[in-house]
Amino acid sequence: MRTHRPAQALRRDHGADVIAVHQHAGAFTVGKSEPAGLTGDPALAYGAALASAGARVILPDLVGFEERRRDWTDDPAADERLDALFRVSNGSSLQAKHTRDIATVTSWMQATGAVGTDLEIIGHSLGGQVALFCLAVDPRLTRGVVSCGIGTLASFESERIRHNPAWFVPGLTAAGDVRLVASAVDQPVFVAAGRDDCLFPLQGVRQVLEAFRPGILTTEVFNGGHAMPAHVLDAAVRHLLRARNAD
């Protein structure tokens, strides 16, 4: 009998609690295990890196991935599109589902953590996208990292980029595009972006960066593509554990 664990926890001596959200990459069989360092790209083992640095880390599967695969058909990408479209037809979105699920994880971390512990979030690609939306709507999160996960819907449209369907929130373009989401973030956030990222045109990235409130943003625009280089991972860990290390 298969035991389902839609989230995995890495425990250390924690001065910070961190939610580490996995990427997409079309790899629906891989979710939380990649940032945990158990499979996938070792460069994206940011959950394991944070645990080694002293954080308590929770690694959830987003709906559709690893132990939360839909298995509606033999095509997981088609299942994801169907899920997104059904949610839109019901007046919601797949991004709203991801954001609500992370809010549930946030509530669990808050209930099981020590009083006064910082509660933070990190993600790459889809994980960075989800982190951005969660930071914008959930003030319980105190700090965040968005790696290769921001851009404008307008830039996706102009370049005909086939992004994950959670990006397409009804009415978002008319309301101000992803700049509106960035402008709602009030927590210190570290954003990393590759100059040659084919999924996130740099012009759209810069437009979102300009929308953040003054004083909260740390930015690393590196030479490279859709990746998390070692120096970016190191900077992300320092950013998230900065409050702890300052004590």
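It should be noted that the structure appears before, not after, this text.
Predicted model, so just to flag it, every value in this text is computed and none were measured.

The rules behind the values
- Residues numbered from 1 in each chain as written.
- Predicted model: local features only at pLDDT ≥ 70, side-chain atom pairs only at ≥ 80, totals over all residues.
- Heavy atoms only, no water.
- Helix = DSSP H or I, 4+ residues; strand = E, 2+ residues; numbered from the N terminus.
- Buried < 20%, exposed > 50% of the residue type's maximum accessible area, 1.4 Å probe, protein only.
- Polar contact = N/O pair within 3.5 Å; in protein donor to acceptor, adjacent residues only side chain to side chain.
- Contact = heavy atoms within 4.5 Å.
- Patch = residues over 30% accessible without salt bridge, like charges linked within 9 Å, V, L, I, M, F, W, Y side chains within 5 Å.
- Areas by Shrake-Rupley, 256 points an atom, 1.4 Å probe, with all protein chains shown as cover.
- Salt bridge = Lys/Arg side-chain N within 4 Å of Asp/Glu carboxyl O.
- Core = buried A, V, L, I, M, F, W, Y, C linked by side-chain atoms within 4.5 Å.
- 1 Å grid on protein atoms, 1.4 Å probe; cavity = no way out; pocket = protein on both sides within 12 Å on 5 of 7 lines; lining within 4 Å.
- Points joined across faces, edges and corners; volume = space filled by probe spheres on them.
- Nonpolar A, V, L, I, M, F, W, Y, C, P; charged D, E, K, R; others polar.

Draft legend 1. Just the environment of Arg69, in detail. Within the secondary structure, Arg69 sits in the loop between β3 (56–60) and α2 (76–89). Since its relative accessible area comes to 30%, Arg69 is described here as partly exposed. Within the structure, Arg69 has its side chain in polar contact with the backbone oxygen of Glu66 (distance 2.8 Å).

Draft legend 2. Quick peek at the side chain of Thr99. In this fold, Thr99 is placed in helix α3 (residues 94–112). Each residue touching Thr99, except ones within four places of it in the same chain, is listed here: Phe133, Cys134 and Val137.

Draft legend 3. Expanded view of a nonpolar patch on the surface. Together, Trp72, Leu82 and Phe86 give the surface a local cluster of nonpolar side chains, amounting to about 310 Å² of exposed area. Here Leu82 lies in helix α2.

Draft legend 4. Representation of the nonpolar core in the model. If you look at the biggest cluster of nonpolar residues, it comprises 41 residues, and the most contacted ones within it are Ile19, Ile121 and Phe212. Among the elements of the structure, β2 (16–21), α3, β4 (118–124), α4 (126–137), α5 (153–158), α7 (178–183), β6 (189–194) and α8 (202–209) are those that each provide at least two residues to this core. No other element matches the 8 residues that α4 contributes to this core. Not counting residues within four places of it along the chain, the set of residues in contact with Ile121 comprises Val18, Ile19, Val21, Ile102, Ala131, Cys134, Leu135, Leu141, Arg143, Gly144, Val145 and Leu240. Counting residues in each nonpolar core, the second largest holds 25 residues, with Val18, Leu50, Phe222 and Leu240 among its members.

Draft legend 5. Fine view of unusual backbone geometry. Despite not being glycine, Glu66 has its phi angle at roughly 50°, a positive value. Classification of Glu66 as buried rests on a relative accessible area of 11%. Even without glycine at this site, Asp177 takes up a positive phi of about 65°. Summarising the element assignment, Asp177 is placed in the loop between α6 (172–175) and α7. The exposure class assigned to Asp177 is buried, which follows from its relative accessible area of 2%.

Draft legend 6. Region of interest: the layout of surface pockets. As a volume, the largest pocket reaches approximately 590 Å³. For the lining of the largest pocket, the secondary-structure elements that each account for two or more residues are α2 and α4. A per-element tally of the lining of the largest pocket places α2 first, with 6 residues. Taken together, the residues of the lining of the largest pocket break down into 13 nonpolar, 9 polar and 3 charged.

Draft legend 7. Here's a closer look at the environment of Leu209. Relative to the helices and strands, Leu209 is located in helix α8. Separated by 10 residues in the primary sequence, Leu209 and Thr219 have C-alpha atoms spaced 8.3 Å apart. Excluding residues that lie within four positions of it along the chain, Leu209 makes contacts with Ile150, Val191, Leu217 and Thr219.

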